[in-house]
Amino acid sequence: MFLALREFKHAKLRYLLVALIMILIAWLVLFVSGLAKGLSSDNASSIQNMNTDYLVLQKQADNRLNRSVISNDTLKDVRTFVSDKKSTPLGVQMTTLTKDGSAKKVDVTFFAINTNGMLAPDVAEGKMINNTTTNEVVADSSLKDNGFHLGDIVKDQASGKIFKIIGFTKEQSFSHAPVIHMNFKEWDAIHKANARGGEFFNAVALKANQDKADQIDNSVSGVDVITKSDALKGIPGYKEEQGSLIMMIAFLFVIAAVVLAVFFYVITIQKMNQFGVLKAIGAKTGYLAKNIVSQVLLLTIASLIISIALTYGVAFILPSSMPFDLSPQLVLGCSGLFLVVSVIGSLLSLYRVAKIDAIEAIGRAV
Amino acid sequence: MSDKLVLDNISKVFGDGDTSVKVLDRVSLQVKAGEFVAVVGPSGSGKSTFLSIAGALLSPTSGRIFLDNKEINKIPEQKMNRIRLEKIGFVFQSANLIPYLTVQDQLLLIPKLAGKRNKNAEKRADDLLKRLGLDHRRSHYPESLSGGERQRVAIARAWMNDPEIILADEPTASLDSERGRAVVQMLADEVKLRDKAAIMVTHDKRMLDLCDRVVYIEDGQLSEQPVNETKTS
Ligand SMILES: Nc1ncnc2c1ncn2[C@@H]1O[C@H](COP(=O)(O)OP(=O)(O)OP(=O)(O)O)[C@@H](O)[C@H]1O
Ligand SMILES: [Mg+2]
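Residues numbered from 1 in each chain as written. Chains lettered and ligands numbered in written order. Predicted model: local features only at pLDDT ≥ 70, side-chain atom pairs only at ≥ 80, totals over all residues. Heavy atoms only, no water.

Re unusual backbone geometry
Quick reminder of the rule: Strands here are runs of E lasting at least two residues and helices are runs of H or I lasting at least four, both read from the DSSP assignment and numbered beginning at the N terminus. When a residue's accessible area, from a 1.4 Å probe over protein chains only, is under 20% of the maximum for its type it is buried; when over 50% it is exposed; and in between it is partly exposed.
Positioned with a positive phi, Glu171(A) is a non-glycine residue whose angle comes to about 55°. Take Glu171(A): it is sitting in the loop between strand E8 (162-169) and strand E9 (173-174). Of note, the phi angle at Asp219(B) is positive, near 50°, even though the residue is not glycine. Mapped onto the secondary structure, Asp219(B) falls in the loop between strand E9 (213-218) and strand E10 (221-225). Taking the relative accessible area as the measure of exposure, Asp219(B) reaches 72% and is therefore exposed.

A closer look at helix H6 (residues 177-194) of chain B
Given 3.6 residues to a turn, an α-helix orients residues that are three or four positions apart in the same direction. Residues and elements named next belong to chain B. What counts, and what does not: The span expected for a helix works out to 1.5 Å for each residue beyond the first. The contact criterion used throughout is that any non-hydrogen atoms of two residues lie within 4.5 Å.
Over its 18 residues, H6 extends 25 Å from the first C-alpha to the last, a length consistent with the 26 Å expected when each residue adds 1.5 Å. Residues Gly180, Val183, Val184, Met186, Leu187, Ala188, Glu190 and Val191 constitute the buried set of H6. Buried residues along H6 sit against strand E3 (36-40), helix H4 (119-131), helix H5 (147-160), strand E7 (165-169) and strand E8 (197-201). Asp195 sits one or two residues past H6 and shows a positive phi near 60°.

Remarks on the sheet that holds strand E2 (residues 21-32) of chain B
Residues and elements named next belong to chain B. The following threshold applies: We call two strands paired when DSSP finds no fewer than two bridges between them. Between N-to-C directions, angles cover 0 to 180 degrees, with each direction set by a line fitted to C-alpha atoms, over the stretch in contact for helices.
Strand order in the open sheet made by the 4 strands is E2-E1-E4-E5, with antiparallel pairing throughout. The open sheet is flanked by E2 and strand E5 (70-71), the only strands paired with a single partner. When strand E1 (residues 3-14) meets strand E4 (residues 62-67), the two strands line up antiparallel, connected through 5 bridges. Bridge pairing in E4 places Leu7 opposite Ile65. This element, helix H1 (residues 47-54), spans E1, E2 and E4 of the sheet and lies at about 125° to E1.

Description of the packing of helix H2 (residues 12-48) of chain A against helix H7 (residues 238-270) of chain A
Residue and element names in this part refer to chain A. To be explicit about the condition: Put simply, angles under 35 degrees are roughly parallel, angles over 145 are roughly antiparallel, angles from 65 to 115 are roughly perpendicular, and the rest are oblique. A clockwise turn of the near helix away from the far one marks a right-handed crossing, whereas an anticlockwise turn of less than a right angle marks a left-handed crossing. Charged residues are taken to be Asp, Glu, Lys and Arg, nonpolar residues to be Ala, Val, Leu, Ile, Met, Phe, Trp, Tyr, Cys and Pro, and polar residues to be all remaining types, Gly included.
Two elements in contact, H2 and H7, have axes whose closest approach is 11 Å; the angle formed by their N-to-C orientations is 165°. In terms of orientation, H2 and H7 fall into the roughly antiparallel class. Between H2 and H7 lies a crossing whose hand is left-handed. Per-class residue counts for the contact of H2 with H7 are 23 nonpolar, 6 polar and 2 charged.

Quick word on the confidence of the model for chain A
Convention followed: By definition, pLDDT measures how confident the predictor is in each residue, and it falls between 0 and 100.
Averaged over all residues, the pLDDT of chain A is 87; the fraction at 70 or higher stands at 96%. Helix H11 (residues 358-362) of chain A is the least confidently modelled element of chain A, averaging 66 in pLDDT, while strand E6 (residues 136-140) of chain A averages 94, the highest of any element.

A closer look at the pattern of salt bridges
Residue and element names in this part refer to chain A. Applied cut-off: Should a side-chain nitrogen of Lys or Arg be within 4 Å of a carboxyl oxygen of Asp or Glu, the pair is scored as a salt bridge.
One pass over the full model with this rule turns up 33 salt bridges over all chains. The residue Lys99 makes a salt bridge to Asp152 at a minimum N-O spacing of 3.5 Å. With Lys99 in strand E3 (residues 87-99) and Asp152 in the loop between E6 and strand E7 (153-156), this pair connects stretches of sequence that are 53 residues apart. Given the relative accessible area of 22%, Lys99 is considered partly exposed.

Regarding the site of ligand 1
Let me state the cut-off plainly: In this text, near means that some heavy atom of the residue lies within 4 Å of the molecule or strand in question. N or O atoms closer than or at 3.5 Å make up a polar contact, with two conditions inside protein: a donor-capable atom paired with an acceptor-capable one, and, for residues adjacent in sequence, both atoms drawn from side chains. Residue exposure ignores everything except the shown protein chains as possible cover, and the areas themselves are Shrake-Rupley values with a 1.4 Å probe.
Taken together, the neighbourhood of ligand 1 is formed by 14 residues, with Ser43(B), Gly44(B), Lys47(B), Ser48(B) and Thr49(B) sitting nearest. Neighbouring residues of ligand 1 are not confined to one chain but are distributed across chains A and B. Ser48(B) has a polar side-chain atom sitting 2.6 Å from an oxygen atom of ligand 1. In the model, an oxygen atom of ligand 1 is placed 2.6 Å from a nitrogen or oxygen of the Thr49(B) side chain. The protein chains hide 73% of the 640 Å² of surface that ligand 1 would expose on its own. When residues of the shell around ligand 1 are assigned to their parent elements, the largest contribution, 3 residues, is made by H1(B). A breakdown of the residues in the shell around ligand 1 according to their chemical character gives 3 nonpolar, 8 polar and 3 charged.

Digging into the domain arrangement of chain A
Residue and element names in this part refer to chain A. Here is the rule: Each domain's limits were defined by an automated method or a database of domain assignments. By convention, the term buried area covers the 1.4 Å-probe accessible surface removed from two parts as they join, with the contributions of both added.
Its domain assignment divides chain A into domain 1 (2-44 + 239-365) and domain 2 (70-201). Of the roughly 430 Å² buried between domain 1 and domain 2, counting both surfaces, carbon and sulfur atoms make up 28%. The interface formed by domain 1 and domain 2 includes 0 salt bridges. One can count 7 residue pairs in polar contact (both at pLDDT 80 or more) joining domain 1 with domain 2. Of the residues forming the side of domain 1 that touches domain 2, the biggest block, 5 residues, is contributed by H2. Tallied by class, residues from the side of domain 1 that touches domain 2 come to 2 nonpolar, 3 polar and 2 charged.

Looking at the interface of chain A and chain B
With 23 residues of chain A at the contact, the number on the chain B side is 26 residues. Overall, the association of chain A and chain B removes approximately 2,500 Å² of surface from exposure, summing both partners, and the carbon and sulfur fraction of that is 63%. Of all residues in chain A, the largest losses of buried area upon contact with chain B belong to Phe2(A), His10(A) and Ile281(A), amounting jointly to 27% of the total for that side. If you look at where chain A meets chain B, you find 1 salt bridge. At the boundary of chain A with chain B, the tally comes to 4 residue pairs in polar contact (both at pLDDT 80 or more). Elements represented by at least two residues in the side of chain A that touches chain B include exactly helix H1 (2-10), helix H8 (272-280), helix H9 (285-317) and H11 of chain A. Classifying every residue of the side of chain A that touches chain B gives 12 nonpolar, 4 polar and 7 charged.

As structure tokens, this is what we get:
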């Protein structure tokens with residue numbers, strides 16, 4: 001640290017610029033990751049946050065919730081394997097709403113649930129619905145951005161049924177549309193009006209271990225038991241969107257990693273002469289290594305802290321229509337990767353430092 | 001008196017095959033405790049090479065080196081650092097200071113490397129800086145020093161670790177003759193006083209009277225001549 005700190009002090013401008021570049025790169029990576037994550041949860045947060053391990057879908061449904069149709073009989077079959085508490089039906093329907101008294105239309109997804117079951121969402125504002133109401137629903141709070149308020153009356157375009165929003169939930173979206181939770185009474189009413197008739201729903205949510213899930217998959221005819229992540233992939237457009245986003249982030253990471261590693265490599269190589277002198281006067285490679293690594297760590301950590309602050313700062317002033325979701329795990333992972341990559345970059349050059357012949361490095365005066 | 005440094009049949013060949021150059025051809029030299037040896041010779045004759053080998057910075061193609069009766073050419077590279085740090089003080093042909101350390105820190109780095117920074121070290125650095133007339137420059141960086149000042153810092157640095165032997169490659173090249181002579185005088189005094197040894201490469205014939213012995217390197221050969229003879233030549 002003796003050398004590391006003194007070098008910082010002497011070459012302030014140089015290291016400020018180095019730090020600036022690192023801050024910008026880390027900022028870019030964190031910010032884009034946050035946006036990508038935001039986009040993905042904007043797409044499917046209702047499934048991501050769903051309190052379930054597996055979903056039972058119709059076999060021909062291709063893992064797509066909205067294509068699957070499950071009957072009451074099938075639910076009964078499933079429930080011979082798991083308790084009623086650990087399985088609950090789920091209805092999913094994408095539809096269009098209008099607000100009473102206005103012509104504006106919004107796309108939403110209806111989720112029909114047992115309000116006492118495990119799929120009941122947390123209500124952030126207003127009240128939760130129960131299983132007996134016939135015209136009350138809770139909606140995702142993103143609807144507020146579309147001018148909906150507590151107590152508003154909405155009309156389902158397809159069935160013409162009218163509901164009152166009595167509560168708002170958080171982070172409930174499906175295929176980029178806000179989710180509206182209702183009970184099965186209301187769900188059946190919509191579908192009677194729809195003239196489709198008969199009691200049905202789209203899936204059964206399961207809390208079970210892998211063995212149970214496999215057992216149901218094999219024993220109950222006509223169903224597939226899929227995990228949440230399979231269900232996510234079955235959301236219209238989700239897979240394609242995630243593919244692009246992951247590709248984007250992966251590229252960003254790889255490029256940032258290479259840039260950083262090369263950067264520290266070059267910086268260390270430039271100082272080869274000094275390392276030669278230090279070795280000539282008796283410094284051990286280990287001592288030099290410690291200084292190089294502590295320098296890189298100090299720089300990286302300081303830059304990361306600043307860029308994390310910048311990322312959250314900018315996220316804070318971002319409009320809510322631009323979804324941004326940066327979890328501490330992602331930040332930690334990202335930071336960890338940056339640290340590792342920087343240290344690897346400097347260690348690469350350390351190999352050269354270790355091999356350097358003191359006299360060669362000093363350079364002989366001819 | 002015991003031999004501080006013994007170089008026994010040292011050869012050094014640079015490169016291999018057709019382009020190989022034999023810079024040193026079986027040269028031998030003994031330096032006793034309390035002895036100050038000057039090495040002179042034309043440019044390119046291998047003086048710096050010789051000194052680097054003596055200072056465990058460069059390994060010879062063949063031959064053996066004893067420092068304080070320990071053979072050091074067989075010691076692995078990692079332990080070589082330790083020997084350079086504890087037993088050898090080096091003054092390079094060009095000062096080779098660390099650009100981001102102040103004059104004082106250049107000196108304090110040495111005990112730091114040896115893992116024994118304390119008040120003693122600071123006092124020693126102070127003394128050395130005073131003796132070399134660098135007191136007022138202690139918190140300057142090398143970039144703001146004159147060539148001579150840099151060289152003096154390098155000399156002070158070489159003395160910092162209280163080495164058994166000092167190897168100096170033209171330490172006075174960038175000093176005025178008065179200051180140069182003072183520096184060489186200081187080297188000589190220190191060697192006598194503390195029973196150390198020193199080898200100095202120099203072009204400056206006026207310094208040779210301060211040395212106990214002068215050796216000539218030419219065509220890869222080393223020949224000894226007494227100080228008096230050199231003076232008259
Ligand atoms: N690494 C090397 N590879 C090839 N040849 C070298 C190498 N180092 C030195 N030489 C050659 O060895 C010879 C001696 O070099 P050296 O630096 O020891 O000379 P010198 O006596 O110190 O000269 P000067 O008085 O100019 O400093 C020179 O001819 C030089 O070209
Ligand atoms: Mg030379």
